[in-house]
Amino acid sequence: MKLVQDTDGNIRMRSIYPQGARVTVVFTDGTEEEFTGKRLNELRTEANAAYRLANGLDAKGFDRNKGKPVARNKVIEFVPVRPGMSKK
């Protein structure tokens, strides 16, 4: 499977990949790098955590600063990647 990086430096991940899957990411500069499904899933988790932190949401995606919890559990589809991220 191949994913292509957009001009903002992201790939689109609509779902979680099997841990052993091999996914090639084509970067905007034309280089390619192979990622495991496990690594891409980790990057997606990190992107979700960063989104929730930036928007004042808890780990489950709830805004607890209001009178009652409001679910805004948006799952990030665009995951930032750059060369060298296939290794932890």
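You'll find the structure just up there.
Report on the accompanying structure. (Residues numbered from 1 in each chain as written. Predicted model: local features only at pLDDT ≥ 70, side-chain atom pairs only at ≥ 80, totals over all residues. Heavy atoms only, no water.)

### Here's the deal with the overall build of the protein
Argument step 1. Scanning the protein for helices and strands turns up 1 helix and 7 strands.
Argument step 2. When the 88 residues of the protein are sorted by exposure, 35% land in the buried category.
Argument step 3. In the protein, 43% of the contacts between residues at least 6 apart in sequence involve partners at least 24 apart.
Argument step 4. Of the roughly 5,800 Å² of accessible surface on the protein, 53% is carried by carbon and sulfur atoms. (Helix = DSSP H or I, 4+ residues; strand = E, 2+ residues; numbered from the N terminus. Buried < 20%, exposed > 50% of the residue type's maximum accessible area, 1.4 Å probe, protein only. Contact = heavy atoms within 4.5 Å. Areas by Shrake-Rupley, 256 points an atom, 1.4 Å probe, with all protein chains shown as cover.)

### Overview of the pattern of salt bridges
Argument step 1. Inspection of every chain in the model, using the stated rule, returns 4 salt bridges.
Argument step 2. We note a salt bridge from K2 to E32, for which the minimum N-O separation is 3.3 Å. Here K2, found in strand 1 (residues 2–4), pairs with E32, found in strand 4 (residues 32–36); they are 30 residues apart in sequence, far enough to count as distant.
Argument step 3. Residue K2 is classed as exposed on the basis of its relative accessible area, which comes to 53%. (Salt bridge = Lys/Arg side-chain N within 4 Å of Asp/Glu carboxyl O.)

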